[in-house]
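# Architecture and fold: a report
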Amino acid sequence: MLSRLKMLRSSHPQLVRAQFITSSIKSASKLICRRQVVTMPPVIHQREYKYTEGKVYHGFQCERVEHISEFELTSYTLRHEGTGTELWHIDRNDANNVFSINFRTTPFDSTGLPHILEHLSLCGSKKFPVRDPFFKMLNRSVATFMNAMTGPDYTIYPFSTMNEMDFRNLQQIYLDAVFRPNLAYLDFLQEGWRLEHKDINDQNSPLVIKGVVYNEMKGAFSENAQIFGQSLLNNVFPDHTYGHVSGGNPLEIPKLTHPDLVDFHKKYYHPSNSRIYSYGLFDTNKTLALLDKEYLSKQNWIDNSYSRIPQQERWIQPRNVHISSRLDNMGATIDRQNQIAIALLMCDATNIQESFDLQVLSEVLIRGPNSAFYKNLIEPNFSGGYNQGTGYSSDTKDTAFVVGLQDLKVEDFTKFIELFDKTISKAIGDGFQSEHLESVLHNLELSLKHQSPNFGITLLLNSTALWNHEGDVVSNLRVSDMISRLRASLSQNNNYFQDKMEQYFVNNNHRLTLTMSPDELYEENFRKAEKELLRQKVKNLAKENLNQIYENGLILDAFQKAKPNNDVLPCLTLKDVIESLKWPKVFYQNIKNVQTQICKASTNDVTYCKCLFNITDLTQEETMLVPLFCNVISAMGTTKYNYRQFDELVLSKTGGIDFSVNLIEDVNDGKSYRLSVLMSTHALEKNVSSMFHLCQELLNNFMLNDLDRLKMLIENYISNISVGVASSGHLYAILGATSLVSDAGKLKDLLSGVGHINFMKNYVRITNPLEMRDKLTSIGRKVFNKSNMRGAINSTQSYMPLAIKHYENFLETLPDLKKTKTCSYIQFFDPSCQQYSMNIPVNYCAKAFFAAPYLHKDHPTLRVLAKVVSAKYLLPVVREQNGAYGAGARISSDGIFSFYSYRDPHSSKTLDAFDKTYKWLRSDKSVIDQQSLFEAKLGVLQQLDSTIAPGNIGIDNLLYELSQECFEDYRSRMLSVTINDFQDCIEKYFRNPSKYYGKCILGPVNNKLEFETGQKWKINN
Ligand SMILES: [Zn+2]
């Protein structure tokens, strides 16, 4: 996440819980772990190890100790003597500590058993018999990460925090949750599935299927990319656990019984089948002692080979599978809404060097305009570009290589297959260009140095699959060694990669060709199947079963509405969190008349540069094209270098040159906004001069002349922006609601919301490429100049003077233009409502209104209030009672307060709940007491104190023109919000409907919407 303020806009608040990872075949981009440090590690001359190999500590024998210098960490592998549980501790000077418990969970049906168990484990345990302690703890902790996830063969429970008290609290709750959960029947009904009357109070109303996971999975499969990814996994590995949907197929979920779930827990959540991970600075002895005393010493060792995953048996001939998908009314035209992919089984994931080599080979074959597949599959431009599954995946027991295209015609399927085979044989014949290979390796090495926040979590997530298959996760961290070994193989054998391709691409019959086409009846067929399933379930119910269902509905409802007793849960106190984190200071310097931020930080020999160009003066039409401009500008080459040469140079000298558009409202009064283009890049110190040279070349000499390429990039762009609407529907709904509040909100939607998708599709239809080229060129000429720019450099103390020198030279070359206007004034609109009708079975609802901007005295209070409303009102009502997967409220820096729901079976009912917030706030004095106020503040602190990568320190100063002092001040004002402040804000902002508000729904057509809401709706089809 780029900015702490930005988090308000784009994070997934309240959706943290219980993620389901659909497919493990995903892009090759997550190659290795990245690092993050808050303080620079001290120089250790003589290394002292905490544990010694062979010795026993609190029942754990230390088996292996290794120092890994490239990440400045020490790895300790310990094994519990009684249960055989492995504990992997990473000792590293990083304040953001991590703990996780992992289980190997291998389902043999698609009822979603491991996924529902993951939800249920977090619904109360022996020591913490509280309904849903996980959600309750979200508000009693300052965790920087807190989640649980179900993958195709594992379930993991990770969290991270910088506060030791918090670490111990969460550790206790997580351990008790997984080893001693209550797994209560009522929770099974709530989280898994249940039959219930539509109106729970009326036994004559029809029975329906409800349940959190049931709805979550219906929502997950609303996204065609998910359907494709899941099917690819199931069909490439059909023989064992990967042949099933670990998250649950909605039509199979109702086959799961509560006793099955309890049995599965006994077998798969046994300590002998678990792996425990800890990371950071906190005392590991305390962790070992707790584990041994409370949990592990009470159990015996069992042989966990039952959960081991065998290698997939190789096929003797290739296979073809065709599936159908939902017709996506936000996607391409129906004749092009098809996808195809070829997947090849590669090596055993535990063969780490082989897997690493194949990963690099895949990058060389797929990535960027110099790669063989890009040249042969993408450049002929008969599709919308690579699909989401493309890349090398090492998340399964056998790794896989996938190349696929989205948005192509059925008649081009054959062409794809021919081109795929041709590409392989041509690559084997021609070999690889060493410059291209070098640029891929450089990028890999740079990514080792580049630091992102949450290093410990990233390391865990990148190691989980390999660890799960008993692979050597420690050696897998020695990335530099693996690079050297690969280099050696390449120099010993000129045909090294070609030989690999013969082996894995040519002489490999384990090859799946998967195709997918839309079916207009998909949704209707699903509804029919769901109805039939319901009919079967209800058909044989005896009178007493029916009575039981009715009773259960009432009991569950009462249970959900009962006031929870949270007193047994630990909670931080104000003194635990009063100190804010110290970040390196940002200084300002005028360099060549450009205001520039200088931040000396521990960037690990990487220099970061950001340039922010004000573009508020562009015409309306030009502004609308800026997102596209940002996407294509660095991909077209310059007058000196064609796009292939330029891409190779960028890849071999920098971490990329990226552009994004930003619309930022005035944080003081919210009455005006600025538009800007942000350019970001970074490079190793030795390459900083080249980095600036490339930036200068691009900004001054960009070339958009190649119309065929431009056309192709635009088509791929449109295909890509249409992917993911259903999976982040709440963000699009919030944008859609905000667009009804003011013209700034509307512009935001046109730059990044559904409005943008619709605009772009239409624009391309009515504009010829020549005209587009001229418009984009004219944007570039207006945007790139130093008169309307601010800059930021983050570098190490020692390198900074040189970095500034190069930056100066770069600025020297940028043109001076006249100063343009810096902001536009915001117009507010009268209230209105709109729906984007989508062909999906769930809704995303949002309501937004203008409250108070970031620096207004009420903003911190409203932010705390949003947390209270989310945790105490929306989650119980919209999630637990009404069955939506998520719901919440938030206020962003622009002053817009919004409510939203996620994967929601209802729409008008949810909007009604949003409207009744004032009534709830006033219903009972006890809804806001000191404890709930404090918990809500902790929730806000989680965002304010989130970790930030060294390269991004100062981003809020740059984008929002907010000083670090302002930020500190905001933090302390937030911590001192009182109940009286709360009461004032409730009256001021919630008593009467705001003058400026909007409502938006993304979801299926609902003819009764106006009747149900009593409001006029604009329907966008
Ligand atoms: Zn879930």
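Bear in mind the structure is a predicted one, so any value in this text is a computation, not a measurement.

## Thoughts on the packing of aromatic side chains
Applying the stated criterion to the full structure yields 48 aromatic pairs. Summarising the aromatic geometry, the rings of Phe 71 and Phe 455 are spaced 5.5 Å apart at their centres and angled 50° between planes, so their arrangement reads as tilted. A residue pair is termed long-range when its members are at least 10 positions apart, and Phe 71 in the loop between strand S3 (60-68) and strand S4 (73-80) and Phe 455 in helix H14 (residues 455-468) qualify at 384 residues. The burial state of Phe 71 is the same as that of Phe 455; both residues are buried. A connected cluster of aromatic rings, assembled from ring pairs, spans Phe 99, Phe 134, Phe 135, Phe 159, Phe 167, Tyr 174 and Phe 282. For Arg 92, the ring lying beneath its charged end belongs to Phe 455, and the centroid distance is 4.0 Å. For the cation-ring pair, Lys 847 lies above Tyr 997, with the distance from its terminal atom to the ring centre recorded as 5.5 Å.

## So, the sheet that holds strand S29 (residues 997-1003)
What the six strands build is an open sheet, ordered S27-S28-S26-S29-S25-S30; its pairing is mixed. Looking at which strands have only one partner, the edges of the open sheet turn out to be strand S27 (886-891) and strand S30 (1018-1020). Sheet twist, expressed as the mean angle between neighbouring strand axes with direction ignored, is 15°. With five bridges joining them, strand S26 (residues 844-850) and strand S28 (residues 896-902) adopt antiparallel strand pairing. Residue Lys 847 lies in a different strand from S28, and its bridge partner there is Phe 899. Against the sheet, helix H29 (residues 859-881) touches S27 and S28, its axis set at about 170° to S27.

## Considering the environment of Asn 794
Along the chain, the position of Asn 794 falls in strand S23 (residues 789-795). Classification of Asn 794 by relative accessible area gives buried; the value is 3%. Separated by 158 residues in the primary sequence, Asn 794 and Asn 952 place their C-alpha atoms 7.8 Å from one another. In this structure, Asn 794 is in contact with Cys 599, Thr 603, Val 606, Thr 607, Tyr 608, Met 800, Pro 950, Gly 951, Asn 952 and Ile 953, ignoring residues within four places of it in sequence. Separated by 3.1 Å, the side chain of Asn 794 and the backbone oxygen of Ile 953 make a polar contact.

## Some details on the pattern of salt bridges
Per the stated rule, a full pass over the model turns up 58 salt bridges. In this structure, Glu 294 engages Lys 293 in a salt bridge whose closest nitrogen and oxygen atoms are separated by 3.7 Å. Among the residues examined, Glu 294 registers a relative accessible area of 18% and is labelled buried. Among the salt bridges present, the one from Asp 430 reaches Lys 426, with a minimum N-O distance of 2.7 Å.

## Let's talk about helix H27 (residues 769-783)
Spanning 15 residues, H27 covers 21 Å between terminal C-alpha atoms, matching the ideal 21 Å at 1.5 Å per step. Taken together, the buried positions of H27 are Met 772, Arg 773, Leu 776, Thr 777, Ile 779, Gly 780 and Val 783. The buried residues of H27 occupy an angular sector of 155° when the element is viewed end-on, so they sit on one face. Buried residues in H27 make contact with strand S20 (606-614), helix H20 (620-632), strand S22 (672-684), helix H23 (707-721) and helix H26 (754-766). By the N-cap criterion, in which a side-chain oxygen at the helix start approaches the backbone nitrogen of a residue two or three places on, H27 is capped by Asn 768, the distance to Leu 770 being 2.9 Å.

## A look at unusual backbone geometry
A positive phi angle is found at Leu 183, which is not glycine, with a value near 45°. Within the secondary structure, Leu 183 sits in the loop between helix H4 (164-179) and helix H5 (185-191). Positive phi is not limited to glycine here, since Asn 604 has a value of about 60°. With respect to the helices and strands, Asn 604 occurs in the loop between strand S19 (594-600) and S20. Accessibility expressed as a relative area gives 13% for Asn 604, which makes it buried.

## Considering the sheet that holds strand S14 (residues 338-348)
Strand pairing within a sheet occurs via backbone hydrogen bonds; the two strands may be parallel or antiparallel. Pairing is mixed in the open sheet, where five strands are placed in the order S13-S17-S14-S16-S15. Two strands close off the open sheet at either side, each with one partner strand: strand S13 (319-326) and strand S15 (391-393). Within this sheet the neighbouring strands show an average axis-to-axis angle of 25°, counted without direction. Across six bridges, S14 lies against strand S17 (residues 511-519) in antiparallel orientation. The partner of Ala 341 across the bridge, within S17, is Leu 514.

## Focus: the pairing of S22
Along S22, 12 of the 13 residues are buried, which leaves the element largely enclosed by surrounding structure. Strand direction decides the pairing type here: S20 and S22, joined by nine bridges, are antiparallel. Counted as the bridge partner of Val 606 is Leu 684 from S22. Relative to S22, strand S21 (residues 657-665) runs antiparallel, the two being bridged by nine bridges. The residue bridging Glu 665 from the neighbouring strand is Tyr 673, located in S22. Taken together, S21 and the strand that follows it, S22, pair antiparallel across an intervening segment of six residues, in which Gly 670 is found at a positive phi of about 65°.

## Quick look at the pairing of strand S25 (residues 832-837)
Of all six residues in S25, five are buried, a share of seventy percent or more. In the sheet, S25 pairs with S29 via six bridges, with the strands oriented parallel. Bridging across to S29, Cys 833 finds its partner in Lys 999. Taken together, the three bridges between S25 and S30 define a ladder with parallel strand orientation. Across the sheet, Tyr 836 pairs through a bridge with Asn 1020, a residue of S30.

## What to know about the nonpolar core
Core analysis: the largest hydrophobic core is formed by 160 residues, its most contacted members being Val 360, Phe 505, Phe 659, Tyr 807 and Phe 810. A per-element tally of this core places helix H10 (residues 352-366) first, with eight residues. Apart from the residues lying within four places of it in its own chain, the contact partners of Phe 659 are Cys 630, Ile 633, Ser 634, Val 677, Leu 678, Met 679, Leu 698, Leu 699 and Phe 784. Ranked by size, the runner-up nonpolar core spans 86 residues in total, among them Leu 183, Leu 195, Ile 227 and Ile 276.

## Things to note about the packing of H20 against helix H25 (residues 743-752)
With their axes 8 Å apart at the nearest point, H20 and H25 run at an angle of 45° to one another. By the criterion of interaxial angle, the relationship of H20 to H25 is oblique. In this structure, H20 contributes Gln 620, Thr 623, Met 624 and Pro 627 to the contact, and H25 contributes Leu 747, Leu 750 and Leu 751. The class makeup of the residues in the contact of H20 with H25 is five nonpolar, two polar and no charged.

## Topic: the environment of Asn 387
Within the element layout of this structure, Asn 387 appears in the loop between helix H11 (372-378) and S15. What makes Asn 387 buried here is its relative accessible area of 4%. Placed 48 residues apart in sequence, Asn 387 and Gln 339 show a C-alpha to C-alpha distance of 7.6 Å. Residue contacts for Asn 387: discarding those within four places in its chain leaves Phe 228, Gln 339, Ile 340, Ala 341, Gly 404, Leu 405 and Gln 406. Polar side-chain contacts of Asn 387 include one of 3.5 Å to the backbone oxygen of Ile 340.

## Observations regarding the confidence of the model for the chain
Residue-level pLDDT values for the chain average 91, and 95% of them are 70 or greater. Here residues 1-44 scores under 50 on pLDDT; set against residues more than four positions off or in separate chains, the count is 190 contacts.

Reading guide: rules and limits
Residues numbered from 1 in each chain as written. Predicted model: local features only at pLDDT ≥ 70, side-chain atom pairs only at ≥ 80, totals over all residues. Heavy atoms only, no water. Phe/Tyr/Trp six-rings, centres within 6.5 Å; stacked < 30°, edge-to-face > 60°. Helix = DSSP H or I, 4+ residues; strand = E, 2+ residues; numbered from the N terminus. Buried < 20%, exposed > 50% of the residue type's maximum accessible area, 1.4 Å probe, protein only. Lys NZ or Arg CZ within 6 Å of the ring centre and 35° of its normal. Pairing = 2+ DSSP bridges. Axes fitted to C-alpha atoms, helices over the stretch in contact; angles between N-to-C directions. Contact = heavy atoms within 4.5 Å. Polar contact = N/O pair within 3.5 Å; in protein donor to acceptor, adjacent residues only side chain to side chain. Salt bridge = Lys/Arg side-chain N within 4 Å of Asp/Glu carboxyl O. Expected span 1.5 Å × (residues − 1). Arc of directions from axis to C-beta. Core = buried A, V, L, I, M, F, W, Y, C linked by side-chain atoms within 4.5 Å. Parallel < 35°, antiparallel > 145°, perpendicular 65-115°, else oblique. Nonpolar A, V, L, I, M, F, W, Y, C, P; charged D, E, K, R; others polar. pLDDT = per-residue confidence, 0-100.

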